[in-house]
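Chain residues, written in single-letter form:
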Amino acid sequence: MDKALVDAALAASAQLGKDVAEVPLSAIAAAAGISRSTLLRRLGGSRTLLDEAVRRAGVDPGGRPPVRERAIEAAAVLITRDGLGAVTMDAVAAAAQCSPTSLHAIFGGRDGLLACMFDRYVPVLSLETLAAGSPHSIEETVHAVYGALVEAFSREPRVLPAIFGDLFSRPDGTAARMLKANLPRMFASLGTLLTSQIQAGRLRPIPLPLLIQLMVGPLAGHMLLRPALREALGDDVLPPVEEVSRTFAEAFLRAATP
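Computed from a predicted model, the values in this text were never measured in an experiment.

Student: Is there a simple way to explain the packing of aromatic side chains in this structure?
Tutor: Two aromatic rings are characterised by how far apart their centres lie and by the angle between their planes. Under the criterion given, the structure shown has two aromatic pairs. Ring centres 6.0 Å apart and planes at 25 degrees place the aromatic pair Phe-153 and Phe-164 in the stacked group. Of this pair, Phe-153 sits in helix α10 (residues 138–154) while Phe-164 sits in helix α11 (residues 159–169), and the two are 11 residues apart along the sequence. When the centroid spacing of 6.0 Å and the interplanar angle of 45 degrees are considered together, the rings of Phe-164 and Phe-168 count as tilted. Taken together, the residues Phe-164 and Phe-168, both in helix α11 and four residues apart, mark about one turn of the helix. For Phe-168, a relative accessible area of 60% puts it in the exposed group. Through a chain of ring-to-ring contacts, the aromatic side chains of Phe-153, Phe-164 and Phe-168 assemble into a single cluster.

Student: Which parts of the structure should I look at to understand the pattern of salt bridges?
Tutor: Pairing is possible between side chains of opposite charge, provided their charged atoms come close. For the coordinates displayed, the defined rule picks out 10 salt bridges. Across the pair Asp-7 and Lys-3 runs a salt bridge, and its minimum N-O distance is 2.9 Å. With a gap of four residues between them, Asp-7 and Lys-3 both fall in helix α1 (residues 3–16), about one helical turn apart. On the basis of relative accessible area, Lys-3 is assigned to the exposed category, the value being 59%. Through salt bridges that share partners, Arg-68, Glu-69 and Arg-120 make up one connected network.

Student: What is the right way to look at unusual backbone geometry in this model?
Tutor: Most peptide bonds take the trans form, and the phi angle of most residues other than glycine is negative. Each neighbour pair has its own omega, and for Glu-156 with Pro-157 the value is -10 degrees, a cis peptide bond. Relative to the helices and strands, Pro-157 resides in the loop between α10 and α11. One non-glycine residue, Gln-97, adopts positive backbone phi at about 55 degrees. Residue classification places Gln-97 among the exposed residues on the basis of a relative accessible area of 55%.

Student: Help me understand the packing of helix α5 (residues 67–82) against helix α8 (residues 110–121) in this model?
Tutor: Each packed pair of helices is defined by two parameters, the angle between the axes and the distance between the axes. Where α5 meets α8, the axes come as close as 10 Å, and the angle between the chain directions of the two elements is 80 degrees. Considered as vectors, α5 and α8 are oriented roughly perpendicular to each other. Touching Arg-68, Glu-69, Ala-71, Ile-72, Glu-73, Ala-75, Ala-76 and Ile-79 of α5 are Leu-113, Leu-114, Cys-116, Met-117, Arg-120 and Tyr-121, all from α8. Of the residues assigned to the contact of α5 with α8, the class counts are 10 nonpolar, no polar and four charged.

Student: Where do I start with the environment of Ala-255 in this structure?
Tutor: Mapped onto the elements of the fold, Ala-255 is located in helix α14 (residues 241–256). Ala-255 gets classed as partly exposed once you look at its relative accessible area, which sits at 32%. Counting along the chain gives 40 residues from Ala-255 to Met-215, while the straight-line C-alpha distance between them is 9.7 Å. Residue contacts for Ala-255: discarding those within four places in its chain leaves Arg-204 and Leu-214.

Student: Looking at this model, I keep getting lost on the packing of α5 against helix α6 (residues 89–96). Mind explaining?
Tutor: Closest axis-to-axis distance for the α5/α6 pair is 8 Å, and the angle between their directions is 115 degrees. Classified by the interaxial angle, the pair formed by α5 and α6 is roughly perpendicular. Here the hand of the crossing between α5 and α6 comes out right-handed. For the pair formed by α5 and α6, the contact residues are Arg-70, Ala-71, Ala-74, Ala-75 and Leu-78 on the first element and Ala-91, Val-92, Ala-95 and Ala-96 on the second. Per-class residue counts for the contact of α5 with α6 are eight nonpolar, no polar and one charged.

Reading the values: rules and limits
Residues numbered from 1 in each chain as written. Predicted model: local features only at pLDDT ≥ 70, side-chain atom pairs only at ≥ 80, totals over all residues. Heavy atoms only, no water. Phe/Tyr/Trp six-rings, centres within 6.5 Å; stacked < 30°, edge-to-face > 60°. Helix = DSSP H or I, 4+ residues; strand = E, 2+ residues; numbered from the N terminus. Buried < 20%, exposed > 50% of the residue type's maximum accessible area, 1.4 Å probe, protein only. Salt bridge = Lys/Arg side-chain N within 4 Å of Asp/Glu carboxyl O. Axes fitted to C-alpha atoms, helices over the stretch in contact; angles between N-to-C directions. Parallel < 35°, antiparallel > 145°, perpendicular 65-115°, else oblique. Contact = heavy atoms within 4.5 Å. Nonpolar A, V, L, I, M, F, W, Y, C, P; charged D, E, K, R; others polar. Left-handed = near helix turned anticlockwise from the far one by under 90°.

Below is the structure:
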């Protein structure tokens, strides 16, 4: 790639205040003193070569998700494929095509990265949003909680099942520390939702930790085992997730309501 074209792309980028990937080819051609058609011809009809040359010159041409988003997604894929132990800053940087220094600047370290990924793939934020909303009937509350759980367990990459896998295999490992740090937030949200229903007489006054386990346990167990159940039983025998969620919600209501 002609260095003059790279210089022209960088100059146009600086002038317009945009990433190179977002600068129109006409602006790059003007900076290079050539026509747009001539520029396209020299690029072989595609700006991919120019973006690659800019990257080799040490400048990120942009046009991709921010480093923060790429890093969270890369960490999620690594956890799902290789387990929590595979998530090192170097491995995430390589997968996200950025530098470890950038990750440390954004997240402060591995724990900060894992915390952001936890918020993305575990239903902490969804439950906090539910708890902060207007009071609902007990039926609406239970079905909303089950919907949040199903969405978190089903989301790709399958981070939540991978976290449980690490927890079961290493009770004192990274997953255990992540859950220890974040479970109080989940319990606080569920506690807010369920306590108001107990006070209104819509739920039996079961101790809160047991009530939460009674609500979450059956569905969580099913979602963790569902891939194996599907392989063993087939989709024609295994009910759809929506039906499973509805069945467990109704069972909880029968068990926990007066």
